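# Observations on the model geometry
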Amino acid sequence: MAASPAPMKAPPKPTWEPKAQESPYPWLRPTIRIRLTLLYGGMFLIAGILLLSIIYMLAAQALNVGSDLPFQIESGQVTSHVCDLPTKASPDTFNAAMNACVNRQREHALDSLLNRSLLALVGLSVIAFAFGYAMAGRVLSPLGRITRTARRVVGTDLTRRIELDGPDDELKELADTFDEMLDRLERAFTAQQRFVGNASHELRTPLAINRTLLEVHLSDPEAPPELHQLGRTLLATNERSEQLVEGLLLLARSDNQIIERKPVDMAEVADRAIDQTRAEAAGKGVEVRGERASAVVQGNGVLLERIALNLVQNAVRYNVAEAGWVEVTTEFQHGQALLTVSNTGPVVPAYEIDNLFEPFRRLRTERTGSDKGVGLGLSIARSVARAHGGRIIAEPREGGGLVMRVTLPV
């Protein structure tokens, strides 16, 4: 008898609110285009009506509408209080004088109308620009709100939401889409943090147990030499695995912005890193030197110390066999704290510099075993520098070796 088919599973529930269906009458939506069209059209209409009204009043004033004529007939003669008319002259001369008087009055009226119209136009332009600026700010205020929220999100504050109110226009749609994206990012970020915490526990615990068991067996004086040698080899492998796990977890954490910041002196950080590597440097015959001036930044002291430690360790380990040196300096330059680590060593081609900052990458090797580290030192240093708003730059040194410069904002 044939087996019955497995029941179909229900489709997964969406993790975000589905978008509302669009209106069957999109032309009725108060979109930004319609609002701006109505706004600018209304402003143009109002400005035109005002300008026509002002010009009409100015023209009426210039033509002296409603006032008495500039000519009067007194005692059978034409006189004027505006023009000087001859009292005794031929008709032609008298008519020419009247025409000249009328022309002068017309020119005066036109000049007055032009000057006052220009003043009215300037005044209306100032009012129109001020009103347009205010209205543009009101229309574009949702964009400013979206921008401010995005800047806060850059600081890993994924709980921020725009929650824009108002008409259902393009800006409202953009804000809602941005909020949906933030919901998904927050869930992904929370899942990543949870995974890092779980991985930290699940990976550290068996490695710690293995190290304890190996140390117990190595402490047994009756164990044969072969077992001691095997135990030391396994212990070194276990230690390397622990370093790899710690490096991966630190790399995952340091990819985020540092929220809690405290004053940290980079000179003190560099001194601690040098103290931790001094024994290794002495064993390899590498001289550690350099002057370190005070350079205080705002950041996480543990992570900043890891930058200095990784750079100094790499400078000591990847050095020349004889007469090698490592120079570590700190200074305050152009409003930023500068940590510089330079060393002697093999010649590094300029085209391979970027590869050094990739995880598990070394010079001319990739994902290969080495007693010098796990290949995460420079990746962690760059990630921590970026999390503090800084950067790290590597340059080949003439004669061999590298010059590492870390700049951090104060």
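The rules behind the values
Just so you know, the residues in each chain are numbered from 1, in the order the chain's sequence is written. Under the rules for a predicted model, residues below a pLDDT of 70 receive no local features and side-chain atom pairs below 80 are neither given nor counted, while totals for whole chains, interfaces and linings still include all residues. By convention in this description, side-chain values take in all heavy atoms of the structure and omit both hydrogens and water. In this analysis, a patch consists of residues with relative accessible area above 30% that form no salt bridge, clustered at 9 Å for like charges and at 5 Å for the nonpolar side chains Val, Leu, Ile, Met, Phe, Trp and Tyr. All accessibility values rest on the Shrake-Rupley procedure with a 1.4 Å probe; residue burial counts only the protein chains present in the view. Counted as salt bridges are all cases of a side-chain nitrogen of Lys or Arg within 4 Å of a carboxyl oxygen of Asp or Glu. Positive charges are assigned to Lys and Arg, negative charges to Asp and Glu, while His and the chain termini are left out of the count. In this description, the location of a charge corresponds to atom NZ of lysine, CZ of arginine, CG of aspartate or CD of glutamate. Secondary structure follows DSSP: runs of H or I at least 4 residues long count as helices, runs of E at least 2 residues long count as strands, and numbering of each begins at the N terminus. By the convention used here, residues are in contact when the closest approach between their heavy atoms is within 4.5 Å. Stacked, tilted and edge-to-face are the three classes applied to pairs of Phe, Tyr and Trp rings, where Trp contributes its six-membered ring and a pair requires centres within 6.5 Å; stacked means planes under 30 degrees apart, edge-to-face means over 60, and tilted covers the rest. We call a charge positioned above a ring when the Lys NZ or Arg CZ atom is no farther than 6 Å from the ring centre and deviates by at most 35 degrees from the ring normal. Multiply 1.5 Å by the residue count of a helix minus one, and that product is the helix's expected span. Exposure categories follow from relative accessible area, calculated using a 1.4 Å probe and restricted to protein chains: below 20% of the type maximum is buried, above 50% is exposed, and the middle band is partly exposed. Two N or O atoms form a polar contact when they lie within 3.5 Å of each other; inside protein one atom must be a possible hydrogen donor and the other a possible acceptor, and for residues adjacent in sequence the pair counts only when both atoms belong to side chains. For helices, the fitted axis covers only the stretch in contact; all axes are lines through C-alpha atoms, and the angles between them, taken along N-to-C directions, range from 0 to 180 degrees. The hand of a helix crossing depends on one turn: near helix anticlockwise from the far one by less than a right angle means left-handed, and clockwise means right-handed. Polar here means any residue outside two lists: the nonpolar Ala, Val, Leu, Ile, Met, Phe, Trp, Tyr, Cys and Pro, and the charged Asp, Glu, Lys and Arg; Gly therefore counts as polar.

## Remarks on a positive patch on the surface
The grouping of Arg145, Arg148, Arg151 and Arg152 at the surface amounts to a positive patch. The topology assignment puts Arg152 in helix H2 (residues 91-154).

## Comments concerning the environment of Leu338
Here Leu338 lies in strand S7 (residues 336-343). Taking the C-alpha atoms as reference, Leu338 lies 4.7 Å from Thr407; in sequence the two are 69 residues apart. Contact partners of Leu338, with chain neighbours within four places excluded, come to Thr329, Thr330, Glu331, Gln333, Arg405, Val406 and Thr407.

## What to know about the packing of aromatic side chains
Within this structure, the stated rule accounts for zero aromatic pairs. In this structure, Arg289 packs its charged tip against the face of Trp325, placed 4.2 Å from the ring centre.

## Points about helix H6 (residues 301-317)
The terminal C-alpha atoms of H6, which comprises 17 residues, lie 24 Å apart, in line with the 24 Å expected from a rise of 1.5 Å per residue. Along H6, 13 of the 17 residues are buried, which leaves the element largely enclosed by surrounding structure. With a side-chain oxygen positioned 3.1 Å from the backbone nitrogen of Leu303, the residue opening H6 is Asn300.

## Describing the pattern of salt bridges
Counted according to the given criterion, the structure contains seven salt bridges. The partner of Arg272 in a salt bridge is Glu305, and the shortest N-O contact between them spans 3.8 Å. Placement of the pair is Arg272 in helix H5 (residues 266-284) and Glu305 in helix H6, with a sequence separation of 33 residues. The exposure class assigned to Glu305 is buried, which follows from its relative accessible area of 18%. Through salt bridges with shared partners, a single network forms among Glu268, Arg272 and Glu305.

## Some points on the packing of H6 against helix H7 (residues 377-387)
One can describe the packing of H6 onto H7 by two numbers: an axis separation of 9 Å at closest approach and a directional angle of 145°. The two elements H6 and H7 cross, and the hand of that crossing is left-handed. Between H6 and H7, the contacting residues are Leu303, Leu304, Arg306, Ile307, Asn310, Leu311 and Asn314 on the first element and Gly377, Leu378, Ile380, Ala381, Val384 and Ala385 on the second. A breakdown of the residues in the contact of H6 with H7 according to their chemical character gives nine nonpolar, three polar and one charged.

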